[in-house]
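# Observations on chain architecture
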Amino acid sequence: MEFSVLMSVYEREQPSHLREALDSVFAQTLPPTEVVLVEDGPLVPELHAVVEDEQQRHDNLVVITLDENHGLGEALNIGLSHCRYDLVARMDTDDVCKPERFARQVAFMEQHPDIDVLGTWVDEFVGDISQVVSTRRPPEHHDDIVSFGRKRNPINHPSVMFRRHSVERAGSYRHFYLFEDYYLWARMIQQGSRFHNLPESLLYFRMSGNMFQRRGGLSYVKTEIAFQKKLRQTGYIGYMRMIKNISIRTAMRIIPNKMRQFFYLHVLR
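Residues numbered from 1 in each chain as written. Predicted model: local features only at pLDDT ≥ 70, side-chain atom pairs only at ≥ 80, totals over all residues. Heavy atoms only, no water.

Enumeration over the complete set of coordinates arrives at 10 aromatic pairs. A ring pair is formed by Y183 and F227, whose centres lie 6.4 Å apart and whose planes are at 90°; its orientation type is edge-to-face. In this pair, Y183 sits in helix α7 (residues 180-190) while F227 sits in helix α9 (residues 218-234), placing the two residues 44 residues apart along the sequence. Taken as a pair, Y183 and F227 share a single burial class, namely buried. Taken together, a centroid distance of 6.1 Å and an interplanar angle of 80° make the contact between W185 and F195 edge-to-face. Within this pair, whereas W185 is found in helix α7, its partner F195 is found in strand β9 (residues 195-206), the two being separated by 10 residues in sequence. Judged by relative accessible area, which is 0%, W185 ranks as buried. Put simply, the rings of F176, F179, Y182, Y183, Y220 and F227 touch in pairs and so form one group of aromatic residues. Here the basic side chain of K98 rests over the ring of Y204, its NZ or CZ set 4.7 Å away from the ring centre. Above the ring of W121, the side-chain terminus of R137 is found at 5.3 Å from the ring centroid. (Phe/Tyr/Trp six-rings, centres within 6.5 Å; stacked < 30°, edge-to-face > 60°. Helix = DSSP H or I, 4+ residues; strand = E, 2+ residues; numbered from the N terminus. Buried < 20%, exposed > 50% of the residue type's maximum accessible area, 1.4 Å probe, protein only. Lys NZ or Arg CZ within 6 Å of the ring centre and 35° of its normal.)

What follows concerns the nonpolar core. Core analysis: the biggest nonpolar cluster contains 37 residues, and F162, W185, M188 and F195 have the highest contact counts within it. For this core, the secondary structure elements donating two or more residues are β2 (34-40), β3 (61-66), α3 (72-82), α5 (142-149), α7, α9 and α10 (239-254). For this core, the element with the highest residue contribution is α7, accounting for 7 residues. C97, L202, F205 and M207 belong to the second largest nonpolar core, which has 34 residues in total. (Core = buried A, V, L, I, M, F, W, Y, C linked by side-chain atoms within 4.5 Å.)

Next up on the list: the pairing of strand β6 (residues 117-125). Judged by how many residues are buried, β6 sits mostly within the fold: 8 of 9 residues are covered. Here 2 bridges tie β6 to strand β8 (residues 161-163), and the two strands are oriented antiparallel to one another. Looking across to β8, one finds that V117 is bridged to F162. Where β6 lies against β9, 8 bridges are found, and the strand directions are parallel. (Pairing = 2+ DSSP bridges.)

This paragraph deals with the packing of α7 against α9. Relative to each other, α7 and α9 sit at 10°, their axes nearing to 10 Å. Between α7 and α9, the crossing angle belongs to the class labelled roughly parallel. Crossing handedness for the pair α7 and α9: right-handed. Two secondary-structure elements touch here, α7 through Y182, Y183, A186 and Q190 and α9 through F227, K230, L231 and T234. Each residue belonging to the contact of α7 with α9 can be placed in one class, and the counts come to 5 nonpolar, 2 polar and 1 charged. (Axes fitted to C-alpha atoms, helices over the stretch in contact; angles between N-to-C directions. Parallel < 35°, antiparallel > 145°, perpendicular 65-115°, else oblique. Left-handed = near helix turned anticlockwise from the far one by under 90°. Contact = heavy atoms within 4.5 Å. Nonpolar A, V, L, I, M, F, W, Y, C, P; charged D, E, K, R; others polar.)

Below you can see the structure in the form of structure tokens.
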């Protein structure tokens, strides 16, 4: 089965991280038919050098250049329109695929034509992939994913493989800072799309040193409140679930950073 890989890079990415991510994609036991990489706005010369070198090494790397930064959701939509195949794998430019990722996912999608979105577990690491600090294990089966999704994002976005026509039917990615993927899953579920998570880790997810710091503060609280209201508008959650989510998430955003880090690594995982 032929498939595309969809990626988006912007100026603040580390060149070494981009190189490692692309190398892990092209070194798969089942290599992608094409890789669509969106340059979301002008890049620094060091990033350009990585992209140009990878293009010389891999003639199936398609680069889409945007004159200005559009944000992740819009950049992915533009990239999606350039994907030639219905089966599309997502990949972030600072993560690392395990060698069997695409082989496992393509085989499952071939055997289960009713599944529209397929995620996996991810190993979260700091520094390099030998420093795994936690594993995010969302539920495996569709009904459990739907239930879990009313409280937390049920899919590890960088790990997904999806059917493009199902994503486009739901309106593709829509801008909602920090929640573009979660918003898409909610709309797809409401429209009857089927989800599944493979119960194995097939991706190393890079955790930056300031990740937990960025997940705190009043601005994050305001964004999450707006997003919970949006989930209620879609019909995915009810009023009481919205209130409960806002209460729990607000508490998480205003506690000290060390406590938030402990909660993420030792409670949520």
